[in-house]
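Inside the fold
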Amino acid sequence: MSAAAIAASGSNRWSGRKVPLELVALPPTETPSLWERIGTAPAWLVSLAVHVAVLMTLAGITIIVPTDALKTIIESEITTEDIDRFKVDNVLTPEVGNDSSVNVLSPSMAASTQEQPIEQEFQQDVEMVHFDASLPTASAVDVPNEAVLTTEFDAEGMTEYTGGVEGAIDVLTREIAARLRENETTVVWMLDASLSLEDRRNALAERFEAVYAQLGNTGDIDTDHLRTAVATFGEGVNLITPEPVVDVAPLVQTIREIPADESGKENVFTALKAVGSEMLHERTRAKRTLMFVIVTDEKGDDDGDLENVIAQFKRYGVPVYVVGNAAPFGRAKGYVTYLWKEGERQFRLPIPVDAGPETVMPERIRLGFWGPGGEVENERLSSGYGPYALTRLCVETGGMYLVADDTNQRKFDPQLMRSYGPDYRPIKDYTRDVMANGAKRALIEAAQMSTAEEIPNPQLVFAAVDDTRLRREITEAQKPMAVVSYRLAALQSKLEAGLPDRPKVEEPRWRAGFDLALGRVYAQQARALGYNVVLAEMKSDPKPFERENSNEWVLRGAPESDAGSEVRKLIRQSRELLARVIDEHPGTPWARLAEKELATPLGWEWKERNNEVLRAIENGVPPAEAAKMFAPEEDQQRMRRGMQGDQGPQNVPKL
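Residues numbered from 1 in each chain as written. Predicted model: local features only at pLDDT ≥ 70, side-chain atom pairs only at ≥ 80, totals over all residues. Heavy atoms only, no water.

**Describing the sheet that holds strand 11 (residues 552-558)**
Hydrogen bonds between backbone groups are what pair the strands of a sheet, and the pairing can be parallel or antiparallel. Spatially, the three strands line up as an open sheet ordered 10-11-12, and their pairing is antiparallel. Lying at the two open borders of the sheet, with one neighbouring strand each, are strand 10 (461-463) and strand 12 (603-609). Across the sheet, the mean angle from the axis of one strand to that of its neighbour is 25 degrees, orientation sign disregarded. As defined by bridge partners, strand 11 adjoins strand 12 across seven bridges and the pair is classed as antiparallel. Across the sheet, residue W553 finds its bridge partner in strand 12, namely E608. Each of strand 10 and strand 11 is contacted by helix 18 (residues 467-496), which is oriented at about 145 degrees to strand 10, the strand it contacts most. Together, strand 10, strand 11 and strand 12 form the strand contacts of helix 19 (residues 508-540), whose direction differs from that of strand 12 by roughly 45 degrees. (Pairing = 2+ DSSP bridges. Helix = DSSP H or I, 4+ residues; strand = E, 2+ residues; numbered from the N terminus. Axes fitted to C-alpha atoms, helices over the stretch in contact; angles between N-to-C directions. Contact = heavy atoms within 4.5 Å.)

Printed below as a string of structure tokens:
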């Protein structure tokens, strides 16, 4: 039987017999053509083959370029002079100003060499923009958008110590020169017209012509390309030069003759908006570089308009510089010593002014030190930075805050304080960050509580002509202590609520501030509890005097003894926190206050003494006469002047 018959019959399928493979007939096959193979090939393989073919074709093509054409490609060589134009001078002169201690390039001076948004191109036809020549109202500037208000940046080190007004002017001279080398420049000087700025304005006038002469002597600057405008501000604003001038000689006498503004107000931000709008044509129509310089000694009374001013000046790339004072550490009020004349007499007065704080809100609790030497709370500590609003204005616009004077009694190393810079982000970002961390929020709220309701210092001197008088005085001293204890307990509770988030705090400023605040509150609580105990003991069982002529008891600080468990716990917690502040933040204002707190004893002891004034009063001598009888000669002279109606200045000026 043939193979075909077997296959057709299917007997190999059902009979169970195996048929050899070679006996099965296969259909004939045809070899596919090249194009058929290409048509069935994968797409990626076809693409690869096409690209390889194209590359091989291009590789075989050559172009012959005549040698003469190569000779015309480069027509000039790069000279050393051309290279120098693009170099950045990062070397600071060894000393800026006569009194400066800054001998290294600070972060903000280095930052000032970076490209600032001064020469940005405008996308609109500036000739079609209408500028109102009148001074704008508060609503003349649009509210900045969300992107402008929330931009993040590195703001550390934007305050510069310059060694007085002379040093500040030297820094400004270099800044003006740098911009003048790049473009024609207009400088607008905004001068505080308040009484306290008279000396600083005169110092500026002394160096005004010298600054421009120094610019002209550099050899690579044409001072004819420099224009100057001057304005003053106080309660209002006065633009002295409606059109900027090239010749500054007449301005020197004008600055000396600026009339003083005795209102006590410095509306610097309102003045900036107004003068900025007036001078904007220098930046837009004239295409000149425009920069502002503010000379003042306060923070400004209208800093609520800060965001609008920042938006206005950033929009057109106008940097703002400030020649001002350092802000007091964690306090809104600073002091300016002013020589006040009334008739033929002169008074050198420390007058409080709005000079701080260096942060958005105070980050330092207000808490006194009890006992002798506790007056350190009145000691004026420097923050090492300018006030928040003006410093942030400089940071945002690419300028600098130049410290011309630090009237605070105790100052700190500016280089060290750079690690403790305030947060210069917009207020909304600052607030969001504070609310996100319990420790930061607790510190801010505790600082506000202590400022709103100041905790009084306790009575430490008690008349004891007899036991009845002593008990009466102790009873009166115990009344305010109930308020003291309540407020201290409230501060303790508020700060302790932030303890869980304390490990999450990374910034040295916030860590130091929180630890110092809680450590001080614990210490005061320990003293308050001990104070109440010793008063109660003396009231129930008055101690006898050891000396016969003693008539007064005085409470003095002493090492704690026989303290209860609650007091011992407070003392231990206080010492741990304060020691941490000193160890982790040496040389700072926080360490200074922690050292003072630790040096103030936590316990109490009674000391007896003889008070002759009290004895005279008990014998019927009028109090004023008794005080005069036993007071030192200097005090007696002061009291005699007071009895004659001479009680010092009658009309203290507003600065």
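**Section: the pattern of salt bridges**
Scanning all chains against the criterion turns up 32 salt bridges. Across the pair E184 and R288 runs a salt bridge, and its minimum N-O distance is 3.1 Å. In this pair, E184 is assigned in the loop between helix 9 (164-182) and strand 2 (185-192) and R288 in the loop between helix 12 (268-283) and strand 5 (289-295), connecting sequence segments 104 residues apart. According to the relative accessible area criterion, E184 is partly exposed, its value standing at 32%. Judged by its relative accessible area of 2%, R288 falls in the buried class. Between E507 and K440 there is a salt bridge whose closest N-O contact spans 3.0 Å. Of this pair, E507 sits in the loop between helix 18 and helix 19 while K440 sits in helix 17 (residues 438-452), and the two are 67 residues apart along the sequence. (Salt bridge = Lys/Arg side-chain N within 4 Å of Asp/Glu carboxyl O. Buried < 20%, exposed > 50% of the residue type's maximum accessible area, 1.4 Å probe, protein only.)

**Quick notes on the packing of helix 12 against helix 14 (residues 388-397)**
Taken N-terminus to C-terminus, the directions of helix 12 and helix 14 make an angle of 30 degrees; their axes are 11 Å apart at the nearest point. Considering their axes alone, helix 12 and helix 14 lie roughly parallel with respect to each other. For the pair formed by helix 12 and helix 14, the contact residues are V268, F269 and L272 on the first element and A389, L390 and L393 on the second. Split by residue class, the contact of helix 12 with helix 14 holds six nonpolar, no polar and no charged. (Parallel < 35°, antiparallel > 145°, perpendicular 65-115°, else oblique. Nonpolar A, V, L, I, M, F, W, Y, C, P; charged D, E, K, R; others polar.)

**Some thoughts on the confidence of the model for the protein chain**
Scored by pLDDT, the protein chain has a mean of 77; 71% of the residues are at 70 or more. Between residues 65-157, whose pLDDT stays under 50, and residues either more than four places distant or in other chains, the model counts 116 contacts. Ignoring residues within four places in sequence, the model shows residues 638-645, a span with pLDDT below 50, making eight contacts including any to other chains. (pLDDT = per-residue confidence, 0-100.)

**A short note on unusual backbone geometry**
Cis geometry is found at the peptide bond from G356 to P357, where omega equals 5 degrees. As for its placement among the helices and strands, P357 is situated in the loop between strand 8 (345-354) and helix 14.

**Quick word on the side chain of N267**
The topology assignment puts N267 in the loop between helix 11 (249-256) and helix 12. Relative accessible area serves as the criterion here: at 18%, N267 is assigned to the buried category. Excluding residues that lie within four positions of it along the chain, N267 makes contacts with F233, G234, E235, D301 and D302.

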